[in-house]
Amino acid sequence: MTSEDARLRQEAGHFVRWALAQKIARDLTFPAERWNGPSQPMDDEARWATARRLLHDDTLKHEDSLASLLLLLCAQWPAAISRLTVDHIEERDGAVRIRLGAVPVELPAPVAELALQQFEVRRSHAVLGRTDSPWLFPGGQPGRPISAWARGERLRKLGIRLAEARSTALFQLATELPAAVLARTLGIDITVAVKWQRAAAGDWGAYAAEISRRNSS
């Protein structure tokens, strides 16, 4: 649990604290962690370099590239990615959008192409009667999505550090968007969005002025 690559850290903490409370274990400590903002500098350039590699590496499965980009660009945890269905993807008026929260997010062209490829694969399987699964990323068991653990492992094998990548994405997005927009588009809790906004110290007055300028022009 002291390794930065440790998995299920939060779940292990819950178990240890429960075992201590039940007097099943002793001489163990696993304190709850309170998030106080990013603890280390975030390398946004490395994030974009990884995104470019995922977009242009033809040896990768497009479903793995798409899932990785949803983490890198949209700050989605593997658990949230694994729960996506084909109904979360929509193509309208020449734009491809994905619904991660209350408001759909328009995907940039290269990512949109990957999303449509995965959507078409899933739809063709349904038409051919190979599956009735609605999941965008199905798992090995019929009718079930890929597990969050399996999705996370596939991302790690691509060289992506999950927590660091998500933190970098959230930090950058929080400098560009107000907390309310961040919460509605990414499907995260408003209190979490506010914390990231404060950590990023975004100038929301400047943001409002920029939006006003765009509308005027």
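Caption draft 1: Quick look at the sheet that holds strand β1 (residues 89-92). With antiparallel pairing, three strands are arranged side by side in an open sheet as β1-β2-β3. Each of the sheet's edge strands pairs with one partner strand only, and the pair in question is β1 and β3 (105-106). With four bridges connecting them, β1 and strand β2 (residues 95-98) associate as antiparallel partners. Its bridge partner lying in β2, Glu 91 is registered against Val 96.

Caption draft 2: Structural context of the packing of helix α7 (residues 162-176) against helix α9 (residues 190-200). Look at α7 against α9: their axes get within 8 Å of each other, and the N-to-C directions meet at 75°. If you check the angle between α7 and α9, you find them roughly perpendicular. Taken together, the residues of α9 that come into contact with α7 (itself represented by Ser 167, Leu 170, Phe 171, Ala 174 and Thr 175) are Trp 196, Gln 197, Ala 199 and Ala 200. Split into classes, the residues belonging to the contact of α7 with α9 amount to six nonpolar, three polar and no charged.

Caption draft 3: Quick peek at a nonpolar patch on the surface. A cluster of nonpolar residues, Phe 15, Trp 18 and Ile 24, forms a patch on the protein surface that exposes about 370 Å² of accessible area. Mapped onto the fold, Phe 15 is located in helix α1 (residues 9-21). Given a relative accessible area of 54%, Phe 15 falls into the exposed group.

Caption draft 4: A look at unusual backbone geometry. We note that Ala 75 has phi near 55°; this positive angle belongs to a residue other than glycine. Along the polypeptide, Ala 75 turns up in the loop between α3 (62-74) and α4 (78-82). Given a relative accessible area of 2%, Ala 75 falls into the buried group. Here the phi dihedral of Asp 93 falls at roughly 55°; this positive angle occurs in a residue that is not glycine. Given the relative accessible area of 77%, Asp 93 is considered exposed.

Caption draft 5: Focus on the packing of aromatic side chains. Under the defined criterion, the tally for this structure stands at one aromatic pair. Looking at Arg 151, its charged tip hangs above the ring of Phe 137, at a distance of 5.0 Å from the centre.

Caption draft 6: Just the pattern of salt bridges, in detail. What the rule picks out here adds up to seven salt bridges. Here Arg 154 makes a salt bridge to Asp 64, at a shortest N to O gap of 3.0 Å. Taken together, the residues Arg 154 in helix α6 (residues 148-156) and Asp 64 in helix α3 connect sequence positions 90 residues apart. Relative accessible area serves as the criterion here: at 26%, Arg 154 is assigned to the partly exposed category. Here Asp 64 falls in the buried class, since its relative accessible area comes to 10%. A salt bridge links Glu 106 to Arg 97; the nearest nitrogen and oxygen atoms lie 3.9 Å apart. One salt-bridge network, held together by shared partners, links Glu 63, Asp 64, Arg 151 and Arg 154.

How each quantity is defined
Residues numbered from 1 in each chain as written. Predicted model: local features only at pLDDT ≥ 70, side-chain atom pairs only at ≥ 80, totals over all residues. Heavy atoms only, no water. Pairing = 2+ DSSP bridges. Helix = DSSP H or I, 4+ residues; strand = E, 2+ residues; numbered from the N terminus. Axes fitted to C-alpha atoms, helices over the stretch in contact; angles between N-to-C directions. Parallel < 35°, antiparallel > 145°, perpendicular 65-115°, else oblique. Contact = heavy atoms within 4.5 Å. Nonpolar A, V, L, I, M, F, W, Y, C, P; charged D, E, K, R; others polar. Patch = residues over 30% accessible without salt bridge, like charges linked within 9 Å, V, L, I, M, F, W, Y side chains within 5 Å. Areas by Shrake-Rupley, 256 points an atom, 1.4 Å probe, with all protein chains shown as cover. Salt bridge = Lys/Arg side-chain N within 4 Å of Asp/Glu carboxyl O. Buried < 20%, exposed > 50% of the residue type's maximum accessible area, 1.4 Å probe, protein only. Phe/Tyr/Trp six-rings, centres within 6.5 Å; stacked < 30°, edge-to-face > 60°. Lys NZ or Arg CZ within 6 Å of the ring centre and 35° of its normal.

Read these as geometric descriptors, not functional statements.
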